Amino acid sequence: MSIKIKLFAAIKAAAEVLVGVSAGAAASAGVFALITVIGILPRWAGHTRTARHVSLYEWSVILGGTAGNLIFLLQPSLPGKEILEAAAGLFMGIFVGGLIMSLAEVLDVFPILLRRGRIQSGIPWMVLSIGIGKMLGAYLYFSNL
């Protein structure tokens, strides 16, 4: 190969890396902006009475997202991979569920739904059934049934 072709290939690879990193940074900034606007981390800290550890929550989200991306990209062979995947799935489900519930709370979805549906009792069962339905739907989707 000539030097021009090698140089072009190197510039192309560098541009792809730059675009990929920029796109990833923009997407993660959007996710973190959404989490910040919704106020999910301070809300969780308030509900669990651990407000003094909000920075620990924030770092957990940042490091968890980074570790998840690295594991996805590099796909290392890890001992006990099935157990780690199950634990990661559980934590991701808890996080996404909390994010959805915080978004619903911010948008006042449940008060509007309850008022328009004239629902007076059984609200905890309704929330539980929504969560179970979401869990079963995700299981059916990812298990290819």
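For clarity, every value in this text was computed on a predicted model and none was experimentally measured. (Residues numbered from 1 in each chain as written. Predicted model: local features only at pLDDT ≥ 70, side-chain atom pairs only at ≥ 80, totals over all residues. Heavy atoms only, no water.)

(A) Summary view of the overall build of the chain. Along the chain, the regular secondary structure elements total six helices and zero strands. For the chain, the N- to C-terminal ordering of α and β elements is α-α-α-α-α-α. By the compact-globule yardstick of 15 Å for 145 residues, the chain is too spread out, its C-alpha radius of gyration being 21 Å. Projected onto its principal axes, the C-alpha coordinates of the chain cover approximately 75 × 35 × 35 Å. A total of 145 residues make up the chain; the buried ones form 11% of that total. Pairs at least 24 residues apart make up 53% of the contacts formed inside the chain by residues separated by at least 6 positions. (Helix = DSSP H or I, 4+ residues; strand = E, 2+ residues; numbered from the N terminus. Rg over C-alpha atoms; globule rule 2.2 N^0.38 Å. Buried < 20%, exposed > 50% of the residue type's maximum accessible area, 1.4 Å probe, protein only. Contact = heavy atoms within 4.5 Å.)

(B) Summary view of the environment of His 53. Considering the arrangement of structural elements, one finds His 53 in the loop between helix 2 (40–47) and helix 3 (54–74). Each C-alpha atom, one on His 53 and one on Gln 120, is 36 Å from the other, the two residues being 67 residues apart in sequence. A distance of 3.3 Å separates a polar atom in the side chain of His 53 from a polar atom in the side chain of Arg 52. (Polar contact = N/O pair within 3.5 Å; in protein donor to acceptor, adjacent residues only side chain to side chain.)

(C) Molecular detail of unusual backbone geometry. In this structure, Arg 49 is a non-glycine residue whose phi angle is positive, near 60°. Mapped onto the fold, Arg 49 is located in the loop between helix 2 and helix 3. For Arg 49, a relative accessible area of 71% corresponds to the exposed category. In this structure, Gln 75 takes a positive phi of about 45° despite not being glycine. On the basis of relative accessible area, Gln 75 is assigned to the exposed category, the value being 61%.

(D) The arrangement of helix 1 (residues 3–38) in detail. If you check helix 1, its first and last C-alpha atoms are 52 Å apart, about what 36 residues at 1.5 Å a residue would give, namely 52 Å. At the C-terminal side of helix 1, Gly 39 shows a positive phi close to 75°. (Expected span 1.5 Å × (residues − 1).)

(E) Quick look at the confidence of the model for the chain. The pLDDT averaged across the chain works out to 80; a share of 95% of its residues lies at or above 70. The secondary-structure element of the chain with the lowest mean pLDDT is helix 5 (residues 109–116), recorded at 74, while helix 1 shows the highest, at 82. (pLDDT = per-residue confidence, 0-100.)

(F) Quick peek at a nonpolar patch on the surface. Side chains of Trp 125, Leu 128, Ile 132, Met 135 and Leu 136 sit close together on the surface and give an oily, nonpolar patch of about 560 Å² of accessible area. Its place among the elements puts Ile 132 in helix 6 (residues 123–142). (Patch = residues over 30% accessible without salt bridge, like charges linked within 9 Å, V, L, I, M, F, W, Y side chains within 5 Å. Areas by Shrake-Rupley, 256 points an atom, 1.4 Å probe, with all protein chains shown as cover. Salt bridge = Lys/Arg side-chain N within 4 Å of Asp/Glu carboxyl O.)

(G) Local environment of helix 2. Those residues of helix 2 not exposed but buried are Ile 40, Leu 41 and Ala 45. The buried side chains of helix 2 occupy one side of the element, clustering within an arc of 135° when seen end-on. Looking at the residues trailing helix 2, positive phi occurs at Arg 49, about 60°. (Arc of directions from axis to C-beta.)

(H) Representation of the environment of Leu 99 within the structure. On the secondary structure map, Leu 99 appears in helix 4 (residues 81–106). Look at Leu 99 and you get buried, because its relative accessible area is 17%. Residues Leu 99 and Leu 56, 43 residues apart in the sequence, show an inter-C-alpha distance of 17 Å. Excluding anything up to four places from it in sequence, Leu 99 contacts Ile 35, Ile 38, Ile 40 and Trp 44.

(I) Structural detail: the side chain of Thr 50. Within the secondary structure, Thr 50 is located in the loop between helix 2 and helix 3. Apart from the residues lying within four places of it in its own chain, the contact partners of Thr 50 are Ala 45 and Tyr 57.

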